[in-house]
Amino acid sequence: MDYKGKLIVFEGIDGSGKTTLCREVFKVLVSQGKSCISTFEPTNGKWGKLLRKSFSAKRLNPKEELELFIKDRKEHVKELIIPSMVEGKIVLCDRYYLSTMAYQGARGIDVYKIKKENEAFAPLPNMAFILHIDVREALRRISEKRGDKLNSFERYDYLRRVAEIFDSFNFPWIKRLDASLPKEILVKKVINIIDKLDC
Ligand code: TMP
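Q: Which residues make up the environment of Asn126, and what values do they have?
A: Checked against the element boundaries, Asn126 lands in the loop between helix H5 (111-119) and strand S4 (127-132). Residue classification places Asn126 among the partly exposed residues on the basis of a relative accessible area of 28%. Spatially, the C-alpha atom of Asn126 lies 19 Å from that of Glu79, the residues being 47 residues apart in sequence. Here Asn126 is in contact with Gly5, Lys6, Leu7, Met85, Trp173 and Leu197, once residues within four sequence places are set aside. Polar side-chain contacts of Asn126 include one of 2.7 Å to the backbone nitrogen of Leu7.

Q: Which residues make up the pattern of salt bridges, and what values go with them?
A: Once the charged atoms of two side chains with opposite charge are near each other, the side chains can pair. Tallied over the entire structure, the rule returns 15 salt bridges. Note that Asp94 is salt-bridged to Lys18, the shortest N-O span being 2.7 Å. Taken together, the residues span a long stretch of sequence, with Asp94 in strand S3 (residues 90-94) and Lys18 in helix H1 (residues 18-31) at a distance of 76 residues. Across this residue pair, the class does not change: Asp94 and Lys18 are buried. For Glu65, the salt bridge identified is with Arg59, shortest N-O distance 2.8 Å. The pair formed by Glu65 and Arg59 is uniform in burial state, with each residue classed as buried. One network of salt bridges, with partners in common, ties together Glu137, Arg140, Arg141 and Glu144.

Q: Kindly report on unusual backbone geometry, identifying the contributing residues and their values.
A: Following Glu41, the chain continues to Pro42 via a peptide bond in cis, the omega torsion being -5°. If you trace the backbone, Pro42 turns up in the loop between strand S2 (36-40) and helix H2 (46-56). Even without being glycine, Arg95 reaches a positive phi, approximately 80°. For Arg95, a relative accessible area of 11% gives the class buried.

The rules behind these values
- Residues numbered from 1 in each chain as written.
- Predicted model: local features only at pLDDT ≥ 70, side-chain atom pairs only at ≥ 80, totals over all residues.
- Heavy atoms only, no water.
- Helix = DSSP H or I, 4+ residues; strand = E, 2+ residues; numbered from the N terminus.
- Buried < 20%, exposed > 50% of the residue type's maximum accessible area, 1.4 Å probe, protein only.
- Contact = heavy atoms within 4.5 Å.
- Polar contact = N/O pair within 3.5 Å; in protein donor to acceptor, adjacent residues only side chain to side chain.
- Salt bridge = Lys/Arg side-chain N within 4 Å of Asp/Glu carboxyl O.

Here you go:
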């Protein structure tokens, strides 16, 4: 289905800087007078909250975890993403179903089954920016810059598998960005591409 609005998603492994990039791009679009919203997954809804709780406690089994991410996304798509696109807004989303393919795929679930299950209800993004970063550098950024203890999603071997799945995607609506570039350059690149999407 075609919507008046556009869906732009930001993806990459933890520590890649996608949340900062999404926030900065949102600021520029607002300053240009564009009608847009910025959102994220997992959401702050009931399923998203359950998921976030599980990150710092005992990790759910892969199937249960996948089910919760799908329930969270179904609610997000129905209640926020589609209505905003119908109104003609640009929706910026920090993580979407490429994350499910990569993260739950890295736990052994078939990546293309995950894609199919998502595309049955979730609109295709107009553009997905994937921030590419070396896994060790990403982990260094998390523990040194954020000062956090690593959670169960942030272990090297696991993130390495996640990164490999992100690297394997070759959909026409993907643009890979080098996460080591200065933030201002990344923002400019993203804004140039969004401008060309005609919104
Ligand atoms: P965040 O750090 O971007 O808030 O995301 C929280 C974690 O959730 C991150 O480690 C990736 C993970 N995640 C999945 O495993 N599958 C998904 O579908 C999504 C959206 C996130």
